[in-house]
Amino acid sequence: MFPALETERKQETLPDPYEDFMYRHLQYYGYFKAQKGSLPNSATHQHVQKNNPHYLLNVSFGERNDLIPDTLQKEKLLYSLMLSSPLLRSRQLLFDELDQVNPRLREPRELFAFFSSKGTLQAPRWPIECEVIKESIHHIVPTEGSYFTSSRVGGKRGVIKELAVTLEGPEDDTLLFESRFESGNLQKAVQVDTYEYELTLRTDLYTNKHTQWFYFRVQNTRKDVTYRFTIVNLLKPKSLYTVGMKPLMYSQLDANIYNIGWRREGNEIKYYKNNTDNGQQSFYCLTWTIQFPHDQDTCFFAHFYPYTYTDLQCYLLSVAKNPIQSQFCKLRTLCRSLAGNTVYLLTITNPSPTPHEAAAKKAVVLSARVHPGESNASWIMKGFLDFILSNSPDAQLLRDIFVFKVVPMLNPDGVIVGNYRCSLAGRDLNRHYKTILKESFPCIWHTRNMIKRLLEEREVLLYCDFHGHSRKNNIFLYGCNNNDRKYWLHERVFPLMLSKNAPDKFSFHSCNFKVQKCKEGTGRVVMWRMGILNSYTMESTFSGSTLGSKRNIHFTIEDLKSLGYHVCDTLLDFCDPDKTKFTQCLAELKELLQQEIHKKFNERGEEVNLEGSWSDISLSDIESR
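Per an unreviewed UniProt entry, the protein is named Cytosolic carboxypeptidase 2, and its organism is Marmota monax. As stated in UniProt under Cofactor (unreviewed entry), the record for the protein gives "Zn(2+)".

As structure tokens, this is what we get:
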């Protein structure tokens with residue numbers, strides 16, 4: 001457990017020069033932003049602050065007062081005190097009772113504070129021009145700019161702008177809209193009739209594209225009145241709203257009184273092309289009608305079940321404070337995002353009896369939310385983490401044989417501001433895994449670098465990046481065709497096994513293994529070219545299933561979380577020392593491929609002899625999906 005994650009630290013009787021020096025050093029460079037009163041050894045630090053004029057640093061990120069002129073001399077003095085301190089000897093090497101050095105090292109000290117010693121969360125950092133309301137948005141679970149400049153906890157400073165509409169009295173039934181909260185997205189609402197509103201979504205920050213994700217609040221509702229909402233600036237010509245998908249609605253009163261959370265609502269749902277044609281980009285409209293369940297309610301609408309950066313931090317805090325889970329789940333900072341938000345890296349594995357057994361473990365790498373508007377990815381990730389961190393015998397076995405590297409939220413900036421696809425660089429991060437621009441794409445650069453180092457020390461059995469899909473139903477994987485005949489069709493075994501373990505949710509026939517040129521910068525392709533044979537993108541629909549018992553039913557949060565469990569279950573099948581299942585799946589894949597070849601040649605009116613070297617036929621020629 002790190003010092004930053006400890007709930008309490010014992011007060012030391014003597015000041016600790018090393019701790020004092022490091023905190024001031026990190027404050028100066030803007031990395032440490034905890035409040036003074038919440039620092040470990042806070043009494044010691046308050047004493048130093050009172051009696052040492054050098055301690056004039058502001059703990060706010062990126063801000064400090066002018067240093068006194070003799071700063072350098074005082075730092076030299078402080079450094080000499082630090083070196084002479086008897087406490088320094090135990091910073092890395094551990095000493096036993098006989099004062100002999102134990103060669104075992106302490107865990108590395110973290111540069112960034114995850115959570116304060118009192119267990120409070122770090123506030124999300126916003127682009128400085130983004131206005132943010134003061135209220136914190138919680139749900140129960142069953143402005144356009146030219147370029148990104150800087151960020152601040154809480155976003156834009158100063159008094160929030162007044163509401164665009166001021167109610168004239170209790171009889172005024174005008175709806176009040178708001179989205180200036182975490183993951184919210186709504187740029188404008190225009191009342192075009194008594195109970196009809198046209199809504200405009202904000203594009204991803206610093207772009208003029210990617211209007212898909214919406215999440216906003218409505219207040220001053222009236223019961224038993226039919227309202228119509230129309231989003232007028234969507235960009236995709238196809239949508240699952242045309243085949244039965246409904247928006248999500250959340251009633252605050254229903255949540256408080258009946259414990260009812262998000263639910264699918266809406267009637268007369270249509271998705272159509274906007275008639276306005278000014279010779280520029282075409283827009284599409286989504287329209288639906290709704291009747292609110294209560295008068296004077298606060299309701300929310302969303303494209304999918306929201307999962308915010310704060311939700312993730314609450315979850316990680318619970319893991320860090322769990323005395324059992326924290327033993328085999330180590331929380332690290334992978335990097336800082338452009339806005340200064342922490343990108344977390346989890347290392348999950350059981351301690352091995354010997355170094356040789358630890359080195360022999362294979363690795364599995366999982367990530368999510370590179371596209372911030374695909375919140376379904378976070379729910380699958382949560383299901384995976386819930387299971388792998390549990391005391392289930394299967395979870396313990398997986399931790400015994402694997403090292404899991406998990407990046408649960410790759411694009412926290414985009415999640416916070418309510419983007420659909422991009423980071424604050426205004427780019428789709430899942431097209432930049434080959435980047436050398438560390439400063440522009442830190443989350444992607446550090447993820448790739450982490451996996452590169454991991455490959456140098458152990459085999460990475462599987463890589464999977466969780467996503468959401470806006471035009472197809474079910475859940476499926478995109479993979480990469482392997483050209484090595486020794487492993488022919490092996491990359492398809494895991495998806496086929498997963499389809500057998502989750503037959504009512506996962507569709508193998510929707511999987512695709514073709515590597516297109518436009519996808520060369522994706523995580524799936526880059527990791528495959530780095531040597532990971534089983535490299536996948538998992539796509540989860542925003543709608544529901546067309547399979548088995550879930551046919552024509554919207555996916556719930558529990559459905560998505562169950563996929564996280566099924567990933568674990570399939571890993572056990574995939575790595576079973578008894579290769580019976582693996583062999584059976586390979587035989588089934590060959591049979592499916594033979595059928596596909598016959599179908600292709602019949603469509604061309606040709607005959608094919610599949611006896612002999614039929615496996616030399618290019619899979620790219622066969623599969624044109």
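Next comes the rest of the account.
*Asks:* Can you break down helix α9 (residues 393-401) residue by residue, with the values?
*Replies:* Residues of α9 that are buried include every one of Ala395, Leu398 and Arg399, and no others. Within α9, the buried residues cover an arc of 100° as seen down the axis, which keeps them to one side. Its buried side turned inward, α9 meets α6 (325-328), β16 (342-348), α8 (376-388), β18 (402-407) and α14 (557-574).

*Asks:* Would you mind going over the sheet that holds strand β8 (residues 215-219) in detail, with residue names and values included?
*Replies:* One open sheet accounts for five strands, arranged β5-β8-β14-β10-β11; its pairing is antiparallel. Each edge of the open sheet is held by one strand with a lone partner, namely β5 (176-178) and β11 (263-264). Strand direction decides the pairing type here: strand β10 (residues 248-251) and β11, joined by two bridges, are antiparallel. Residue pairing across strands places Leu248 opposite Arg264, the latter belonging to β11.

*Asks:* Kindly report on the packing of aromatic side chains, identifying the contributing residues and their values.
*Replies:* Evaluated as defined, the whole model comprises 34 aromatic pairs. When the centroid spacing of 5.9 Å and the interplanar angle of 75° are considered together, the rings of Phe181 and Phe300 count as edge-to-face. Placement of Phe181 in the loop between β5 and β6 (188-193) and of Phe300 in strand β14 (residues 299-302) is noted, with a sequence separation of 119 residues between them. Between Tyr271 and Tyr284 the ring centres are 6.2 Å apart and the planes differ by 5°, which places this aromatic pair in the stacked class.

*Asks:* Now, about the environment of Thr200: what can you tell me, with residues and values included?
*Replies:* Mapped onto the fold, Thr200 is located in strand β7 (residues 196-200). Sequence spacing of Thr200 and Ile231 is 31 residues, and the spatial spacing of their C-alpha atoms is 5.8 Å. Beyond its immediate sequence surroundings of up to four residues, Thr200 is in contact with Leu186, Gln187, Lys188, Val232 and Asn233.

*Asks:* Got a sec to walk through the packing of helix α12 (residues 493-501) against α14? Specific residues and values, please.
*Replies:* Packed helices, taken two at a time, are described by their axes: the angle between them and the distance between them. Two elements in contact, α12 and α14, have axes separated by 9 Å at closest approach and are oriented at 125°. Accordingly, the angle class assigned to the pair α12 and α14 is oblique. Of the two elements, α12 crosses α14, and the hand of that crossing is right-handed. Touching Val493, Phe494, Met497, Leu498 and Asn501 of α12 are His566, Val567, Asp569, Thr570, Leu571, Asp573 and Phe574, all from α14. Its residues assigned to classes, the contact of α12 with α14 comprises seven nonpolar, three polar and two charged.

*Asks:* Describe the environment of Asn512, naming the residues involved and giving the relevant values.
*Replies:* Structurally, Asn512 is set in the loop between α12 and α13 (523-529). A sequence separation of 33 residues divides Asn512 from Gly479, and the C-alpha atoms of the two residues are 6.3 Å apart.

*Asks:* Lay out the sheet that holds β6 in plain terms, naming residues and giving numbers.
*Replies:* Taken in spatial order, the five strands line up as β6-β7-β9-β13-β12 in an open sheet, and their pairing is mixed. Sheet topology places β6 and β12 (267-273) at the edges, where each strand pairs with a single neighbour. Neighbouring strand axes in the sheet, compared pairwise and without regard to direction, differ in orientation by 20° on average. As paired strands, strand β9 (residues 226-234) and strand β13 (residues 284-291) are joined by seven bridges and run antiparallel to one another. Each bridged residue has a counterpart across the sheet, and for Thr230 the counterpart in β13 is Thr287.

*Asks:* Which residues make up the nonpolar core, and what values go with them?
*Replies:* Phe229, Phe292, Phe301, Ile348, Leu385, Phe404 and Met538 are the most contacted members of the largest nonpolar core, which has 119 residues in total. Both domain 1 (176-302) and domain 2 (309-590) contribute no fewer than three residues apiece to this core. Apart from residues no more than four positions distant in its own chain, Met538 is found in contact with Ile380, Cys464, Asp465, Phe466, His467, Ile475, Phe476, Leu477, Leu498, Leu563 and Val567. Core analysis: the second largest hydrophobic core is formed by 22 residues, Leu334, Val343, Cys443 and Tyr463 among them.

*Asks:* Please give an account of unusual backbone geometry that cites residues and values.
*Replies:* Most peptide bonds take the trans configuration, and most residues that are not glycine carry a negative phi. The phi dihedral of Tyr206 falls on the positive side, at around 65°, and the residue is not glycine. Tracing the chain through its elements places Tyr206 in the loop between β7 and β8. Judged by relative accessible area, Tyr206 falls into the buried class, the value being 16%. Phi at Asn259 is positive, roughly 60°, even though this residue is not glycine. With respect to the element layout, Asn259 can be found in the loop between α4 (252-258) and β11. With relative accessibility at 53%, the residue Asn259 sits in the exposed group.

*Asks:* I'd like a rundown of the UniProt feature "active site" (unreviewed entry) in the protein, residues and numbers included.
*Replies:* With numbering matched to this structure, UniProt assigns "active site" (unreviewed entry) to Glu539. With residues near it in sequence (within four places) discarded, Glu539 still touches His467, Gly468, His469, Asn474, Ile475, Phe476 and Tyr478.

*Asks:* Just give me the short version of the pairing of β8, but keep the residues and values in it.
*Replies:* The buried fraction of β8 amounts to four of the five residues, a majority that puts the element mostly inside the structure. Inspection of the sheet shows β5 paired to β8 by three bridges, in the antiparallel sense. Across the sheet, Leu176 pairs through a bridge with Gln219, a residue of β8. Two elements, β8 and β14, share four bridges in a ladder whose sense is antiparallel. Bridged to Tyr215 within β14 is Ala302.

*Asks:* How would you sum up the side chain of Thr349? Please name residues and give values.
*Replies:* Inspection of the secondary structure puts Thr349 in the loop between β16 and α7 (355-360). A polar atom in the side chain of Thr349 sits 2.8 Å from the backbone oxygen of Phe402. Residues contacting Thr349, with those up to four places away along its chain left out, are Phe328, Lys361, Arg399, Phe402 and Val403.

*Asks:* If you had to explain the environment of Tyr433 to someone new, which residues and values would you point to?
*Replies:* Tracing the sequence through the fold places Tyr433 in the loop between α10 (412-417) and α11 (442-457). Along the sequence, Tyr433 and Met527 sit 94 residues apart, while their C-alpha atoms lie 8.8 Å from each other. In contact with Tyr433, other than residues within four places in its own chain, are Val370, Leu410, Ile444, Thr447, Arg448, Tyr463, Asp465, Gly521, Thr522, Gly523, Val526 and Met527.

What counts, and at which threshold
- Residues numbered from 1 in each chain as written.
- Predicted model: local features only at pLDDT ≥ 70, side-chain atom pairs only at ≥ 80, totals over all residues.
- Heavy atoms only, no water.
- UniProt positions renumbered as here; feature names shortened; annotations may be inferred.
- Buried < 20%, exposed > 50% of the residue type's maximum accessible area, 1.4 Å probe, protein only.
- Helix = DSSP H or I, 4+ residues; strand = E, 2+ residues; numbered from the N terminus.
- Arc of directions from axis to C-beta.
- Contact = heavy atoms within 4.5 Å.
- Pairing = 2+ DSSP bridges.
- Phe/Tyr/Trp six-rings, centres within 6.5 Å; stacked < 30°, edge-to-face > 60°.
- Axes fitted to C-alpha atoms, helices over the stretch in contact; angles between N-to-C directions.
- Parallel < 35°, antiparallel > 145°, perpendicular 65-115°, else oblique.
- Left-handed = near helix turned anticlockwise from the far one by under 90°.
- Nonpolar A, V, L, I, M, F, W, Y, C, P; charged D, E, K, R; others polar.
- Core = buried A, V, L, I, M, F, W, Y, C linked by side-chain atoms within 4.5 Å.
- Domains from an automatic or database assignment.
- Polar contact = N/O pair within 3.5 Å; in protein donor to acceptor, adjacent residues only side chain to side chain.

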